[in-house]
Amino acid sequence: MILSVHKDGYFLSPSVCFPKTTSGQCCSIPFKYKHVTYNSCTTADWHRPWCSLDPVYKGRWGNCRNVCPPKTTSGKCCTIPFKYKHVTYNSCTTADWHRPWCSLDPVYKGRWGNCREF
């Protein structure tokens, strides 16, 4: 996996993304649809999980693949997004740790893991 550094953690580069649509396009996460911000695929107004291909929905969308978000090195699914010290993370982060990591709970409760590099 190619990672790019951002001030509050690691984010996937445009060439490797999560989640993806069933046609292989990168979802824009988070995205805004009808004045609501979504941090993952949604079923709003559709019968299966979907995502916008733009940060603000402009009509370009796709059905989401049914896959686990980033995984830990031990194979557990990360909870994305997750909140740690009052900050919401939409991907793995290096906050307070030297490697990208994620929480296993929506709000960090001490259960976490180092993120697996794809």
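Conventions and cut-offs
- Note that residues are indexed from 1 along each chain, following the sequence as it is written.
- Side-chain atom pairs in this predicted model are given and counted only at pLDDT of 80 or more, local residue features only at pLDDT of at least 70, and totals for whole chains, interfaces and linings cover all residues.
- Just so you know, side-chain values use all the structure's heavy atoms and leave hydrogens and water out.
- Salt bridges are defined by distance alone: a side-chain nitrogen of Lys or Arg within 4 Å of a carboxyl oxygen of Asp or Glu.
- Note on classification: 1.4 Å probe, protein chains only; a residue is buried when its accessible area is under 20% of the maximum for its type, exposed when over 50%, partly exposed between these limits.
- For this analysis, a ring pair means two rings from Phe, Tyr or Trp (six-membered ring only for Trp) whose centres lie within 6.5 Å, classed as stacked if their planes differ by under 30 degrees, edge-to-face if by over 60, and tilted for the remaining angles.
- The numbering of helices and of strands both runs from the N terminus, where a helix is a DSSP run of H or I of at least 4 residues and a strand a run of E of at least 2.

Engineer: Explain the pattern of salt bridges to me, and be specific about the residues and the numbers.
Structural biologist: Tallying each qualifying case throughout the model produces 4 salt bridges. Note that arginine 111 is salt-bridged to aspartate 105, the shortest N-O span being 3.1 Å. For arginine 111, a relative accessible area of 45% puts it in the partly exposed group. Its relative accessible area of 12% is what places aspartate 105 among the buried residues.

Engineer: Describe in detail the packing of aromatic side chains, supporting the description with residues and values.
Structural biologist: Remark: the centre distance and the inter-plane angle together describe each pair of aromatic rings, the angle taken between the planes. A complete count under the given rule lists 14 aromatic pairs for this structure. On the basis of an interplanar angle of 85 degrees and a centroid distance of 4.9 Å, the ring pair of tyrosine 33 and tryptophan 50 is categorised as edge-to-face. With tyrosine 33 in strand β3 (residues 31–33) and tryptophan 50 in strand β5 (residues 50–52), this residue pair connects regions lying 17 residues apart in the sequence. Between tryptophan 101 and tyrosine 108, the aromatic rings sit 5.7 Å apart at their centres with planes inclined by 70 degrees, giving edge-to-face as the arrangement. We classify tryptophan 101 as buried; its relative accessible area is 3%. Counting every residue linked through ring pairs, the aromatic cluster contains Phe31, Tyr33, Tyr38, Trp46, Trp50, Tyr57 and Trp61.

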